[in-house]
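# Structural overview for review
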Amino acid sequence: MAARYGEGDGGSSHDRRTVRRTVSVNDAVPLKSRLYSAWYRFRYGWQFQSSIPLDKSPVWLLGRCYHAEDPLELSDELGKEGVPPHIVQLMDHYSSLTWMTYRTHFPPISDTLLTTDCGWGCMVRSGQMLLATALHYHLLNRDWRLSTSTERDRATHAQILSWFADSPQKLCPFSLHSLMRQAEVQGYRPGDWYGPSQIASIMTRCLEIAKNEHPNLRNLSVYLARDCTVYVKDVERLFEINDGGSLLLLVPIRLGGESLNPIYIPCVQVRRLALDRRVMLTNSTYH
């Protein structure tokens, strides 16, 4: 899951201190909130236009490879409106994913006056997208696409989206408000800058709570590798407890400094774990 519009990069320590200061609960007043919202909409609202050629090179999206194996497939007469079939499939997959980013003018978070997460919610939104994808895998399947979805699957899709609505209601267990409630339990505050480990821990707790309220989540287990180590025995024990269920495995780890260290590429490209059950493997990485 990659954040957009500069999300997830966190900036320098000076930038993070600036973000904390601008959204400080002690300093926030309605007028300032409106001014900061306008500034962040200007700062982060730009569009990135890519000119990467997608018709020749293979493209990987969440474990699926889209590539024209037959050169003839690139001809206009075989494509839809001149678009190669594998690109049509890629865009069908891409358009079925859930995108979450900065928002403004939602109900205040907790006891603060914050009505926007612009400038500080990058990793929170990335975590929401990660979890939403895992829920689609669990409640639908990896091959589910919005364009070919049945009425029943669309209802499930709508329910998943409703769980992430920016609302303090209990019907939204994975909302920004719910995540920040658990963040406060762990000693953090809305407006702080969050890293992958913090968000993974917060999401794990929110998911455990939601399993008590939503029956269709009870056969979904979550394992957080808090020390960046996966203990196979612990994972197998979860499958024994939740026979026939699914597992969300969170490994928050930094795979390099300024860029991805090539030594980790074989690990990221792993296709299957040595388990007989259904496993959803999600790496929460931060560069």
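In the annotation of an unreviewed UniProt entry, the protein chain is listed under the name Cysteine protease and assigned to Geodia barretti. Of the comments in the UniProt record for the protein chain, the one headed Catalytic activity (unreviewed entry) reads "[protein]-C-terminal L-amino acid-glycyl-phosphatidylethanolamide + H2O = [protein]-C-terminal L-amino acid-glycine + a 1,2-diacyl-sn-glycero-3-phosphoethanolamine". UniProt, in the comment section headed Subcellular location (unreviewed entry), describes the protein chain in these words: "Cytoplasm".

Moving on to the pairing of strand 4 (residues 246-250). Of all 5 residues in strand 4, 5 are buried, a share of seventy percent or more. Here strand 4 shows a buried face lined by Ser 246, Leu 248 and Leu 250 and a second buried face lined by Leu 247 and Leu 249. Pairing analysis gives 5 bridges linking strand 3 (residues 220-224) to strand 4, with the strands arranged parallel. Bridge assignment links Val 222 to a residue of strand 4, and that residue is Leu 248. Of the crossover connections in this fold, the one passing from strand 3 over helix 8 (residues 232-241) to the parallel strand 4 is right-handed.

Next up on the list: the nonpolar core. With 35 residues, the main nonpolar core has Leu 135, Phe 164, Phe 174, Met 180 and Tyr 194 as its most contacted residues. Only helix 4 (122-139), helix 6 (176-185), helix 7 (196-213), strand 3 and strand 4 provide two or more residues apiece to this core. A total of 8 residues in this core trace back to one element, the largest contributor, which is helix 4. Excluding anything up to four places from it in sequence, Leu 135 contacts Leu 140, Ile 160, Trp 163, Phe 164, Phe 174, Leu 217 and Leu 220.

The next point concerns the packing of helix 6 against helix 7. Contact geometry of helix 6 with helix 7 gives a least axis separation of 9 Å together with a crossing angle of 110 degrees. By the angle class used here, helix 6 and helix 7 are roughly perpendicular. When the axes of helix 6 and helix 7 are compared, the crossing they make is right-handed. For the pair formed by helix 6 and helix 7, the contact residues are Ser 178, Leu 179, Gln 182 and Ala 183 on the first element and Ile 202, Met 203, Arg 205, Cys 206 and Ile 209 on the second. The residue inventory of the contact of helix 6 with helix 7, partitioned by class, reads 6 nonpolar, 2 polar and 1 charged.

Rules behind the numbers
- The written sequence of each chain sets the order in which its residues are numbered from 1.
- Local features in a predicted model are, by the rule used here, given only for residues with pLDDT of at least 70; side-chain atom pairs are given and counted only at 80 or more, and totals for whole chains, interfaces and linings are based on all residues.
- Computation of side-chain values: all heavy atoms of the structure, hydrogens and water removed.
- UniProt positions are given in the numbering used here, feature names are shortened, and annotations may be inferred rather than shown by experiment.
- Exposed residues in this analysis have more than 50% of their type's maximum accessible area, buried residues have under 20%, and partly exposed residues fall in between, with area computed by a 1.4 Å probe over protein chains only.
- Helix and strand assignments come from DSSP, with helices taken as H or I runs of at least 4 residues and strands as E runs of at least 2, each series counted from the N terminus.
- Here the rule is simple: two strands pair whenever DSSP picks up at least two bridges between them.
- By convention, a crossover is right-handed whenever its connection, traced from the first strand over the helix to the second and viewed with the strands pointing away, goes clockwise.
- Side-chain atoms within 4.5 Å are what join buried Ala, Val, Leu, Ile, Met, Phe, Trp, Tyr and Cys residues into a set we call a nonpolar core.
- We call two residues in contact whenever any of their non-hydrogen atoms come within 4.5 Å of each other.
- Whenever a helix is involved, its axis is fitted only over the stretch in contact; in every case the axis is a line through C-alpha atoms, and angles between N-to-C directions fall within 0 to 180 degrees.
- Angles are sorted into four bins: roughly parallel if under 35 degrees, roughly antiparallel if over 145, roughly perpendicular if 65 to 115, and oblique for all others.
- Crossing handedness is defined as follows: a turn of the near helix away from the far one that is anticlockwise and smaller than a right angle gives a left-handed crossing, while the clockwise case is right-handed.
- In this classification, the charged set is Asp, Glu, Lys and Arg, the nonpolar set is Ala, Val, Leu, Ile, Met, Phe, Trp, Tyr, Cys and Pro, and all remaining amino acids, among them Gly, are polar.

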